[in-house]
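Architecture at a glance
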Amino acid sequence: MNKDVIHIVGACQNNLKNISIDIPKHKWVTFTGVSGSGKSTLVFDLIYARAEKEFLESLSAYARRSFPKVGDVDVQEMDGLSPCIVIDQSSFPNTPRSTVGTYTDIYTYLRLLFSRAGDQVLSSADFSFNNAQGACPVCHGLGEALTPEIDKLLDRSLSLNEGAIKHKTWKVNSRYWNIIRAIGYFDMDKKVANFTNEEMDMLLNSEPFVYQNNEPGHVQSFSYEGIVSRMKKRKSDSRGLSAAEYDSQFFTKGVCPECGGARLNKRVLSVKIGGKYTITDCVNMEVKELYEMLSTLHGSVEDVLCPVIMKALKNLINVGIGYISLNRSAFTLSGGEAQKVKLAKALGCSLRDMIYILDEPTSGLHARDIYKIRNIIRNLVDKGNTVLVIEHNREMINSSDVVIDMGPGAGKNGGEILFNGSRDELEICAVSLTAGYLKKGGTPVKMIPRKAKGSITLKDINSHNVHHLDLSIPKGIFTCITGVSGAGKSTVLEVLVKAVPKAIVVDQDEIGTTNRGNAVTYTKAFDEIRQYFSDATGYDASDFSFNSKGSCPVCNGAGYTVTDMHFIGDIKTPCEICGGKRYRQEILNLKVREKNISDVLDMTVAEAMDYFRRQPKIYNKLEILEVVGLAYLTLGQPLSTLSGGELQRLKLADRLKNRGQVYIFDEPTHGLHFKDTERLIGVMNRLVDNGNTVIVVEHNLDVIAQADWIIDMGPEGGKEGGKIIYEGPTDKILTCEESYTGQFLQKR
């Protein structure tokens, strides 16, 4: 066995067509190809999944009980794997208790530094806001104040008996409503508007007390607590209960008045190092500022701890996010920022012969900062590791040791290896779409822009690093908001979405991605298809739904059965009764033009368009899927198998028919090949030509070049950003010396 390659034979996972390939180890290998060509399947669903399975199988059966179940992959032979580390763009859990500092463990070292080198002697635990010893007594370490909105909670025109409390937990005749009645303090028929201040305080803010019911026939004690008091305790519960999420609608968030957002109590906040810096000063600094400050501290403790902290901070700076602070809640990071935080943490690992898997590491990065990621990957490889990168950026592809191009198309038309070799060899590969686009170069800058038809005015934007900014965004044309990472683009986007509440926001978030949903159920085309079969056969339309009357009675329309193999992982096998077709036999026997409903779901969008050419209601809905580049999807393909880019285009297809709308795209080219990006630009131009306004936040130079109007932010990120560097037609930015965007467009 060759130890210098990952050897794969007969891979048939998802759409892979029985491929065999040797992937060089200890190299930078970039995987390219159109969306849906099989890149993620090969890298994540095959290589990573098998590596994870083999690692778990090296543990005892007892130990494996604590790990997630991992099923096997569809491959004949696979050798040469090493432990894998995946660095993707999945966001962090939605909890304010996790910060950049806690996730990277930098805050742990800072706590140790303050406990040993501070001007007061405290323990490391005292500096933790997740510990009762250190947490602010008011916000319990969240840094936020929750102010109740009483008018949302109470209908003052009603009595308690009439349902004055709007919260579902205290609805009439519920347990907690009965407790309010049982304590006998309130006149239940009195309008809440007529409550005294004492009665209102008792209803809302009372601390818990035990009440004993001494009425004849009742022997019961229970606890009464004010409505707001109880909800505040639920909100500060670190377990993230769903009830606490429901409670959010009755509160507005603000900075905690006790700690000013510092999360810690006053005793802890008084401790200083270097004679002037509190731990709050440190975590609120930008990472690059904190790095510089720590370099000035010296002493027996400082000389040991500061270099450790500075090394971790330097990794954050090197991946291009030196503008963030350690106090930033992890869940507020963008997908690109989250990936870079994970990458920075991985850089602290000194292991060798690992396989690092990176998914679009340049996403969210301006062209100016690509070199930072490029240098990091090269450093990982030089240490003796293998780096597998899914990427579409020209510079990243050109910097690779090996390129593996997949295709030729997507879905059923993909799953093949078109090229496996060096970047120079790729140049002469006739069958590779990627090679063609690399030779062709970038999209030309639009020289004759459209004329605006009014504007959207944003006044006094004052959030994060953007201060008192006025901005006018043209309507009726294609506008691109650009700038380096941390320049303030996302802040402007947040304000814009609030200012235009009816805007259609197209992102790559999931859309209920279950095995029960597919492209034609999402776009409602399946309703028309089921009605078509109903009209032709005389059966009810619900008989042609695998989620309803027509479903197979054994698998309930799933098409497979699941066998629990305990710690080995679940095994999915096609249903023995329906053969994976999801329907009961009576429905499968019904054919229209030689096709039953299952046959239709197995068609690609392109095939179905041909089949339904004479049914305009169905054809028109399918044609929109073709327009956004999803003609290769099968009608029955579960949404859970679609990539972020495919989900985004599916959302777009559902809304493409609108007129006079404002469309807002947030980094729409993530996960898209040059061909897919070219198609997306065409769709955006079509939207504008149909009378809509398109506003895009983007770093992709092909998209930027085709905009009518550019708003470029910067000049740098963080505190050095938040300003408008350039706003005007795209061709004029080429001569703007301050604009990094203009400089990189000019180089092309």
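It should be noted that the structure appears before, not after, this text.
We now turn to the structure provided with this report. (Residues numbered from 1 in each chain as written. Predicted model: local features only at pLDDT ≥ 70, side-chain atom pairs only at ≥ 80, totals over all residues. Heavy atoms only, no water.)

Moving on, we come to the overall build of the protein. For the protein, the helix and strand inventory stands at 29 helices and 23 strands. The C-alpha atoms of the protein give a radius of gyration of 30 Å, which matches the 27 Å a tight globule of 748 residues would have. Seen through its principal axes, the protein has C-alpha atoms that stretch 80 × 75 × 70 Å. The buried share of the protein, taken over its 748 residues, is 53%. Across the protein, every contact between residues at least 6 apart in sequence was considered, and the portion connecting residues at least 24 apart equals 67%. (Helix = DSSP H or I, 4+ residues; strand = E, 2+ residues; numbered from the N terminus. Rg over C-alpha atoms; globule rule 2.2 N^0.38 Å. Buried < 20%, exposed > 50% of the residue type's maximum accessible area, 1.4 Å probe, protein only. Contact = heavy atoms within 4.5 Å.)

This part is about the sheet that holds strand 12 (residues 402–407). An order of 5-10-11-3-12-13 is seen for the six strands of this open sheet, with the pairing classed as mixed. Each edge of the open sheet is held by one strand with a lone partner, namely strand 5 (84–87) and strand 13 (416–421). On average, each strand axis in the sheet is tilted by 20° relative to the strand beside it, whichever way the strands run. Where strand 3 (residues 28–33) and strand 11 (residues 386–390) come together, four bridges link them in parallel fashion. Considered in strand 11, the bridge of Val 29 is made with Leu 388. (Pairing = 2+ DSSP bridges. Axes fitted to C-alpha atoms, helices over the stretch in contact; angles between N-to-C directions.)

Counting residues in each nonpolar core, the largest one holds 72 residues, and the members touching the most others are Ile 529, Phe 612, Leu 622, Leu 635, Leu 652, Phe 665 and Val 694. Sort the elements by how many residues they give to this core and helix 27 (residues 674–689) lands first, with six residues. Here Ile 529 is in contact with Ile 597, Val 600, Phe 612, Ile 618 and Leu 635, once residues within four sequence places are set aside. If you look at the next biggest cluster of nonpolar residues, it comprises 65 residues, including Trp 28, Leu 269, Leu 333 and Met 396. (Core = buried A, V, L, I, M, F, W, Y, C linked by side-chain atoms within 4.5 Å.)

On to the pairing of strand 20 (residues 662–666). In terms of burial, strand 20 is largely enclosed, as four of its five residues are buried. Sheet topology note: the strand 17 (residues 504–506)/strand 20 ladder contains three bridges and is parallel. Within the sheet, the bridge partner assigned to Ile 504 lies in strand 20 and is Tyr 663. Tracing the backbone out of strand 20, into helix 27 and back to the parallel element strand 21 (residues 693–697) gives a crossover that is right-handed. (Right-handed = clockwise from strand over helix to strand, strands pointing away.)

So, on to the packing of aromatic side chains. Tallying each qualifying case throughout the model produces 13 aromatic pairs. Between Phe 186 and Phe 195 the ring centres are 5.9 Å apart and the planes differ by 10°, which places this aromatic pair in the stacked class. You'll find Phe 186 and Phe 195 in the same group, each marked buried. With a centroid separation of 6.1 Å and an interplanar angle of 35°, the aromatic rings of Phe 526 and Phe 546 are classed as tilted. (Phe/Tyr/Trp six-rings, centres within 6.5 Å; stacked < 30°, edge-to-face > 60°.)

Let us now look at the side chain of Arg 50. Note that Arg 50 resides in helix 1 (residues 39–57). Here Arg 50 falls in the buried class, since its relative accessible area comes to 13%. Not counting the four nearest positions on each side in its chain, Arg 50 is found in contact with Asp 72, Val 73, Val 75, Met 78 and Leu 81.

A few words on the sheet that holds strand 21. Pairing is mixed in the open sheet, where six strands are placed in the order 17-20-21-16-22-23. The open sheet has two edge strands, strand 17 and strand 23 (723–729), and neither has a second partner. Looking at each pair of strands side by side, their axes are set apart by 15° on average, direction ignored. Note: strand 22 (residues 709–714) against strand 23, six bridges, orientation antiparallel. Looking across to strand 23, one finds that Gly 714 is bridged to Lys 723.

On to the environment of Pro 668. You can see Pro 668 is positioned in the loop between strand 20 and helix 27. Overall, Pro 668 belongs to the buried group, its relative accessible area being 0%.

With that out of the way, let us pick up helix 18 (residues 433–440). Turning to helix 18, its buried residues are Thr 434, Ala 435, Tyr 437 and Leu 438. Looking straight down helix 18, one finds its buried side chains confined to an arc of 165°; they lie on one side. Where the residues of helix 18 are buried, they touch strand 3, helix 16 (394–399), strand 12, helix 17 (423–426) and helix 27. A side-chain oxygen of the first residue of helix 18 lies 3.3 Å from the backbone nitrogen of Thr 434; this N-cap is Ser 432. (Arc of directions from axis to C-beta. Polar contact = N/O pair within 3.5 Å; in protein donor to acceptor, adjacent residues only side chain to side chain.)

Below, the discussion takes up the pattern of salt bridges. With the rule as written, the count across this model stands at 30 salt bridges. A salt bridge links Lys 288 to Glu 720, with the nearest nitrogen and oxygen atoms 3.9 Å apart. Here Glu 720 lies in the loop between strand 22 and strand 23 and Lys 288 lies in helix 12 (residues 287–294), a separation of 432 residues in the sequence. Classification of Lys 288 by relative accessible area gives partly exposed; the value is 28%. By relative accessible area, Glu 720 is classed as partly exposed at 43%. (Salt bridge = Lys/Arg side-chain N within 4 Å of Asp/Glu carboxyl O.)

A cis amide bond, omega 0°, links Gly 407 with the succeeding residue Pro 408. The amide bond that connects Gly 714 to the next residue, Pro 715, takes the cis arrangement and shows omega of 5°. If you trace the backbone, Pro 715 turns up in the loop between strand 22 and strand 23. Positive phi, normally seen in glycine, also occurs at Asn 14, with a value near 50°. By the secondary structure assignment, Asn 14 is in the loop between strand 1 (5–11) and strand 2 (19–24). Note on Asn 14: relative accessible area 55%, which makes it exposed.

It is worth spelling out the side chain of Asp 359 at this point. Mapped onto the fold, Asp 359 is located in strand 10 (residues 355–359). Despite its burial, Asp 359 remains without a salt bridge, the nearest opposite charge being carried by Lys 39 at 8.1 Å. Once residues lying within four places of it in the same chain are set aside, the contact partners of Asp 359 are Phe 44, Ile 87, Asp 88, Gln 89, Gln 339 and Ile 390. (Lys, Arg positive; Asp, Glu negative; His and termini not counted.)

What follows deals with the environment of Leu 269. The topology assignment puts Leu 269 in helix 10 (residues 266–269). Taking the C-alpha atoms as reference points, Leu 269 and Gln 637, separated by 368 residues in sequence, lie 55 Å from one another.

It is worth spelling out the layout of surface pockets at this point. Its volume calculated, the second largest pocket comes out at about 600 Å³. Together, 28 residues line the second largest pocket, and Asn 393, Arg 394, His 699, Asn 700 and Leu 701 are the ones closest to its centre. At the level of secondary structure, the elements contributing two or more residues to the lining of the second largest pocket comprise helix 16, helix 27, helix 28 (701–705) and helix 29 (740–747). Taken together, the residues that form the lining of the second largest pocket break down as seven nonpolar, twelve polar and nine charged. (1 Å grid on protein atoms, 1.4 Å probe; cavity = no way out; pocket = protein on both sides within 12 Å on 5 of 7 lines; lining within 4 Å. Points joined across faces, edges and corners; volume = space filled by probe spheres on them. Nonpolar A, V, L, I, M, F, W, Y, C, P; charged D, E, K, R; others polar.)

So, about the pairing of strand 14 (residues 455–463). Across six bridges, the pairing between strand 14 and strand 15 (residues 466–474) is antiparallel. Along strand 15, the bridge assignment pairs Leu 458 with Leu 471. Counting the residues in the hairpin turn of strand 14 and strand 15 gives two residues, including His 464, whose phi is positive at 55°.

Remark: helix 21 (residues 525–537) packs on helix 25 (residues 616–627), axes separated minimally by 9 Å, with the N-to-C direction vectors making an angle of 150°. Classified by the angle between their axes, helix 21 and helix 25 sit roughly antiparallel to one another. As for the relative orientation of helix 21 and helix 25, their crossing is left-handed in sense. Between helix 21 and helix 25, the contacting residues are Ala 525, Glu 528, Ile 529 and Tyr 532 on the first element and Lys 617, Ile 618 and Lys 621 on the second. Within the contact of helix 21 with helix 25, the residues separate by chemical class into four nonpolar, no polar and three charged. (Parallel < 35°, antiparallel > 145°, perpendicular 65-115°, else oblique. Left-handed = near helix turned anticlockwise from the far one by under 90°.)

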